[in-house]
Amino acid sequence: MLLSFGLWTFLIQTVDVQPVGVNGTSVGFAAVNTWFHRLTGVHMGLYTITDWLGLVPIAVCIGFGMLGLMQWIHRKSIAKVDRDILLLGGYYILVILGYLIFEMIPINYRPILIDGAMEASYPSSTTLLVLSVMPTLLFQVNRRAKSQTIRRITAAFVILFSAFMVIGRLVAGVHWLTDIVGSVLVYIGPL
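Keep in mind the model is a prediction, meaning the values are calculated, not measured.

Draft legend 1. Just the side chain of Asp 84, in detail. Examined against the element boundaries, Asp 84 turns out to sit in helix α5 (residues 83-104). Note on Asp 84: relative accessible area 11%, which makes it buried. There is a polar contact of 3.5 Å between the side chain of Asp 84 and the side chain of Arg 143. Not counting residues up to four positions away in its chain, the partners in contact with Asp 84 are Gln 140, Arg 143 and Arg 144.

Below, the structure written as structure tokens:
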């Protein structure tokens, strides 16, 4: 799947590239992207809701970071912190690095200005964050919780929340269709 993401990124930069973006920026898959953007329109209320809900995965990261820190302090050695928590911290660092790379090297810009400025759109950072972090919550709860009820509630929450965020970002009209697809490929790749 990571190869698919790489191929998708290449295709976005080479297939049907036209200056249809804000201020004439070039957009790959221009016909499909502009058609879908006209179809959905722009819904800033939904954008604001999904933007604020983007704090949920950040809270998940902070929560697991605090768990690791508490284990480190209590056990007096980082080597005694649960391995899965250490791996999770490394994974979160990779997610942050991926985000920073695509903020520094924009592939596509958003189809609209946000607060009067052009912003990178590929991959959708909010979608990437949600789809990269929320499954780790499910994994950790399944690993640590004994209660089947807690596991099921967490699974339902993660699935519904993630689906709402992906669809919400797509329908809000603040990303091109292909940018959301790229975010999904990034997420699926590490799994």
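Resuming the write-up.
Draft legend 2. Molecular detail of the environment of Ala 30. The residue Ala 30 is located in helix α2 (residues 30-40) in this model. For Ala 30, a relative accessible area of 1% corresponds to the buried category. Remark: the alpha-carbon pair of Ala 30 and Val 15, spanning 15 residues in sequence, is separated by 8.3 Å. Those residues in contact with Ala 30, other than ones at most four positions away along the chain, are Asp 16, Gln 18 and Val 20.

What counts and how
- Residues numbered from 1 in each chain as written.
- Predicted model: local features only at pLDDT ≥ 70, side-chain atom pairs only at ≥ 80, totals over all residues.
- Heavy atoms only, no water.
- Helix = DSSP H or I, 4+ residues; strand = E, 2+ residues; numbered from the N terminus.
- Buried < 20%, exposed > 50% of the residue type's maximum accessible area, 1.4 Å probe, protein only.
- Polar contact = N/O pair within 3.5 Å; in protein donor to acceptor, adjacent residues only side chain to side chain.
- Contact = heavy atoms within 4.5 Å.

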